[in-house]
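# Commentary on secondary and tertiary structure
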Amino acid sequence: MVNIFPKDLKEVWDDWNLRGAVLVSLSFQILLIFCASSRKRTGNMIMTFIIWSVYLLADWVAAFAVGLIANGNKECDKQVQSDDLLAFWAPFLLLHLGGPDTITAFALEDNELWLRHLLGLVIQLVAVGYVFLESIPNDLWIPTSLLLVAGIIKYAERTRALYLACLGNFKESMLPPPDAGPNYAQLMEEYSSNHRSNVPVEIIIAPEKRADPFASLVPKKARAERNHISEMEEGYKFYKIFRGLIVELMFSFQERNDSRTFFFELYSDRAFRVIEVELNFMYDALYTKMVVVNRKIGYFLRFICTGCIAASLKLFASYHKHNMHKFDIGVSYALLIGALGLDVIAIIKLIFSDWTIVLLKNSTAKRWIYRTREKLFFYKLWKPCRSFFDRRWCNNISQYSLIRYSLRERFKWYNKLAEVFGLKDLLDEIQYKKTMKVEEKVKEFIFQELEEKAQNAQKAELKAQNEEQKAGKSRIAKEICSGRGDWILSQNACHSLLWSVEKEFDECLLMWHIATELCYYKDGKQNNPNDEKEKELHPWLLSKLLSEYMLYLLVMRPTMMSAVAGIGQIRFRDTCAEAKKFFRRGQPEPSWFKKFCEQIRKVFCMGQSKPTDTEISDYCEKLLLVDTVVKPIEVKGDRSKSVLFDACMLAKDLEKLNEKKRWKIMSKVWVELLSYAASHCRASAHAQQLSKGGELITFAWLLMAHFGLGDQFRIEEGHARAKLIVSK
């Protein structure tokens, strides 16, 4: 038999594989407890990749080490590794398989595998139990037993957290008890009996008291000093109510009115902070152990676990270790101190978490914990770290421009190679995507637009006096909520532009994106940036920001936009192909030497150099010079789904408006397109993004729900109280 690996290398592996595995497993746990929660604060691909790799490898390495121990490592020198020590190390791997509190699932789909983790718990427990029983008589049986208890608790906590976060169980936990309603059969029997006996009888309906719809028509409260604890409590309150959005539960109009009243009173900055807290609780419930450990039994088991590890450390320290190798003793102490340190850190994080603050009844205790948290954590000392750890989402939006993409092609063979290995989307994201911070002015504009839509919908509801009017006003309110540009255009008497929003959503989005780019460069807005000292954000910058963000979602996040994307990917590719063909038109054929130099440069630069604003402006002018009197579909047919010249027609129609009105309408249309996409995305897609830094569209989705903009509110009057009245 041919030995591929040298004998010396195999001997080194046999001697050190287990030691290396347990130490690597410990290092992965340390990395996860400190870094796992960072993924909700950043969408950085490198950070996400590191956490994903460590999350997967942590389980694999721990299971691998358990297998090595169960195998017995018979060929190892007994002076180096004793059976007692092997049995002592095994429960640590159960602790590691339990994982830290900061991450139980990397993606939403991991929660659906809770049954697999339960089976894994049983199998690993059997393996560790086998190792322990094989080692008897064992001088370390007491600390080993204590560690085994701690390991079972940790692994069971993780399995329980996955079970609760599984969407089916998550929904089941929030379903109200079955409600058969009033006893209709009994009432009708009594009515029929009296009627047959010629006794005058009638049924009078006394409906339950409904919430006053005028209660939400309240002025905004005066701005006050920021109260972090109050924001946490408000966020938790609405989390408890609106977490059902994730699994598409229905809500009552009373809940809608309460939420609407609260958010009508707020300014945009505080409203977004409350929603940020609310989404943070959703993240914790779906991806961490917080729901499991933030209970009385959770605290009790956590202190038992820590106590078992501390007692094991004390007992091991007093054990005579003359027959153990010094390195193995060091590994044992590293495992003990590491496990104890991780548990202490987990308890500190638990005590000073948002969950503890909102669940405490004593306001003094809340304030003390919050102030101590602000002073205790070391990262607060460095300002950049403080700004990173204080936020609960990435606070960025991604930008993607179709024209820039079309003007910056990669080398063809490089592109084909990327497609073969499935890396094209990743390279596109690296090369063509840019990230912008979400300014408070952007949030304020979105908040004001959605608030105005909610007020208009509310006014339509209040005007309904009878059932026929109610049906009509309900239809108007629904049109307001589900507008995707048509409502704004109608309200501003821009009926000549309605054709552009009466198409499929993906076609509409692509057309408005290109038209926004054309108008932006045609008006020379790239040379007129927004002044940071100004209190208002220029509408053209807001339009461009949301335009490129929505295209990014359509092209780079197709799973999130799948409910509204249609054939968006095909339209985008066809439009890009037509744009590239148009941009190359009229360019002179380069000499063979220039072609050779260009190919060499592309190999090292991956594509053409980044186009300047001046170049883009020139190409936009050329596009607008094309005569579009005849509709493109009448000339080209409908095989190609490109919307390039349809967008040119839209841009020319927009140019007929005066500049101020044009950009005002365009910015409002983009908010409507954002809100339409937000309300039509699958709820699970919003939940998925919470573990990837979050998305602005998720904030819009939840804000719309709080304003009552949606079809989640279906319980209007509750039970009707029917009374049987017998006349004399």
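Summarised in this report is the structure supplied together with it. Remember, predicted model here, so these are calculated numbers, not experimental data.

### Some details on the overall build of the protein
Scanning the protein for helices and strands turns up 34 helices and 6 strands. Looking at the protein residue by residue over its 728 residues, the buried ones come to 50%. A separation of at least 24 residues holds for 83% of the contacts in the protein among residues at least 6 apart in sequence.

### So, the nonpolar core
Core analysis: the biggest nonpolar cluster contains 142 residues, and Phe263, Trp512, Met550, Met561 and Ile697 have the highest contact counts within it. If we ignore the near neighbours within four places in the chain, the residues touching Ile697 are Tyr549, Leu553, Met560, Met561, Leu674, Ala677, Ala678, Cys681 and His686. Counting 56 residues, the second-largest nonpolar core is a separate cluster that includes Leu32, Val131, Ala150 and Leu342.

### Considerations on the environment of Cys481
Relative to the helices and strands, Cys481 is located in helix H22 (residues 467-481). Overall, the relative accessible area of 13% leaves Cys481 in the buried class. Spatially, the C-alpha atoms of Cys481 and Leu450 are 9.0 Å apart, while their sequence positions differ by 31 residues. Residues in contact with Cys481, not counting those within four places in the same chain, are Lys453, Ala457, Met704, Leu709 and Gly710.

### Some words on helix H24 (residues 505-522)
Over its 18 residues, H24 extends 25 Å from the first C-alpha to the last, a length consistent with the 26 Å expected when each residue adds 1.5 Å. Of all 18 residues in H24, 17 are buried, a share of seventy percent or more. Trailing H24 by a residue or two, Gly524 shows a phi angle of about 70°, which is positive.

### Points about the packing of aromatic side chains
The tally for this structure, following the rule as stated, stands at 34 aromatic pairs. Ring geometry for Phe49 and Trp52: centres 5.8 Å apart, planes at 40°, overall tilted. With Phe49 and Trp52 both in helix H2 (residues 45-71), this residue pair falls 3 residues apart, about one helical turn. Residue Phe49 is classed as exposed on the basis of its relative accessible area of 51%. Its relative accessible area of 37% is what places Trp52 among the partly exposed residues. Arg484 extends its terminal NZ or CZ atom over the ring of Tyr676, reaching a point 5.6 Å from the ring centre. Positioned above the aromatic ring of Tyr520 is the side chain of Lys544, whose terminal nitrogen or guanidinium carbon lies 5.2 Å from the ring centre.

### Considering the side chain of Gln124
With respect to the helices, strands and loops of the structure, Gln124 is situated in helix H5 (residues 114-135). Once residues lying within four places of it in the same chain are set aside, the contact partners of Gln124 are Ala63, Val66, Leu94, Leu97 and Tyr155.

### Let's talk about a nonpolar patch on the surface
A contiguous nonpolar patch, built from Met45, Leu417, Val420, Phe421, Leu423, Leu426 and Ile430 and spanning about 670 Å² of accessible area, is present on the exposed surface. Mapped onto the nonpolar patch, the elements with two or more residues apiece are helix H19 (412-420) and helix H20 (424-432). On the basis of relative accessibility, which here comes to 40%, the residue Leu423 falls in the partly exposed class.

What counts and how
- Residues numbered from 1 in each chain as written.
- Predicted model: local features only at pLDDT ≥ 70, side-chain atom pairs only at ≥ 80, totals over all residues.
- Heavy atoms only, no water.
- Helix = DSSP H or I, 4+ residues; strand = E, 2+ residues; numbered from the N terminus.
- Buried < 20%, exposed > 50% of the residue type's maximum accessible area, 1.4 Å probe, protein only.
- Contact = heavy atoms within 4.5 Å.
- Core = buried A, V, L, I, M, F, W, Y, C linked by side-chain atoms within 4.5 Å.
- Expected span 1.5 Å × (residues − 1).
- Phe/Tyr/Trp six-rings, centres within 6.5 Å; stacked < 30°, edge-to-face > 60°.
- Lys NZ or Arg CZ within 6 Å of the ring centre and 35° of its normal.
- Patch = residues over 30% accessible without salt bridge, like charges linked within 9 Å, V, L, I, M, F, W, Y side chains within 5 Å.
- Areas by Shrake-Rupley, 256 points an atom, 1.4 Å probe, with all protein chains shown as cover.
- Salt bridge = Lys/Arg side-chain N within 4 Å of Asp/Glu carboxyl O.

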